[in-house]
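# Understanding the architecture of this molecule
Read off the chains here:
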Amino acid sequence: VAIAHARPRRRRRAPAAGLMRYRFIDEVVTLKMDAPARIEVRKTFAAGDDAFSGPLGPDRVPNSLLLELLAMTGGHLVFHCLDGRRLPLLLKVQECRFEGCARPGVPLHARASLNGLDNPSAATVVGETSAEVLADGALVAAARLLFVCVSVPDMDLAPFGALR
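Figured I'd write up the structure that's included with this text. Everything quoted here is computed from the prediction, not taken from an experiment.

### Digging into the pattern of salt bridges
- Under the definition given, this model contains 9 salt bridges.
- Between Lys43 and Asp26 there is a salt bridge, with the nearest N and O atoms lying 3.5 Å from each other. With Lys43 in strand 2 (residues 38-43) and Asp26 in the segment before strand 1 (27-32), this residue pair connects regions lying 17 residues apart in the sequence.

Structure (structure tokens):
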């Protein structure tokens, strides 16, 4: 009986603290806190990125990245509505639809509005946003998203709101 010799595992380097491979918001275009609170951001996915090597090919931004952009936009709004004191985590995609196609290199505009916050003075808050992504003025994706917002003891959340 032959015993297969396993190759030694290569150790993967952990990313440097505070760095992300993808930044889902390039620029906050507007942030308005008066009712209803709303935000508009800009994002351009660069052509040639690894994300475009999947089954859809290099000419289409995957829907999963569009959903992530919707979530980041809504979460950024909720974070600021709670004065940067709680970290919003995506809890549920209430509804989502993809209306069109986004192309790499085309600037996308994502907008979100706050539908409501459940008991904003509590330690844990649930918030809902409605968001949409547009490419060249045409609707590409839209969603209603729920976030659970938690306090994170002994952690400075200020860097998370730095795009303001």
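Having seen the structure, we can now continue with the description.
### Comments concerning the environment of Asp136
- Topologically, Asp136 is positioned in the loop between strand 5 (125-135) and strand 6 (138-150).
- Classification of Asp136 by relative accessible area gives exposed; the value is 71%.
- Residues in contact with Asp136, not counting those within four places in the same chain, are Val106 and Pro107.

### Brief notes about the packing of aromatic side chains
- This model, assessed by the stated rule, comprises 0 aromatic pairs.
- Against the face of Phe45 rests Lys43, its NZ or CZ located 4.9 Å from the ring centre.

### Some thoughts on unusual backbone geometry
- Note the cis peptide between Ala35 and Pro36, where omega equals -10°.
- Along the polypeptide, Pro36 turns up in the loop between strand 1 and strand 2.
- For Asn119, which is not glycine, the phi torsion reads 50° and is therefore positive.
- Tracing the chain through its elements places Asn119 in the loop between strand 4 (108-118) and strand 5.

Parameters at a glance
- Residues numbered from 1 in each chain as written.
- Predicted model: local features only at pLDDT ≥ 70, side-chain atom pairs only at ≥ 80, totals over all residues.
- Heavy atoms only, no water.
- Salt bridge = Lys/Arg side-chain N within 4 Å of Asp/Glu carboxyl O.
- Helix = DSSP H or I, 4+ residues; strand = E, 2+ residues; numbered from the N terminus.
- Buried < 20%, exposed > 50% of the residue type's maximum accessible area, 1.4 Å probe, protein only.
- Contact = heavy atoms within 4.5 Å.
- Phe/Tyr/Trp six-rings, centres within 6.5 Å; stacked < 30°, edge-to-face > 60°.
- Lys NZ or Arg CZ within 6 Å of the ring centre and 35° of its normal.

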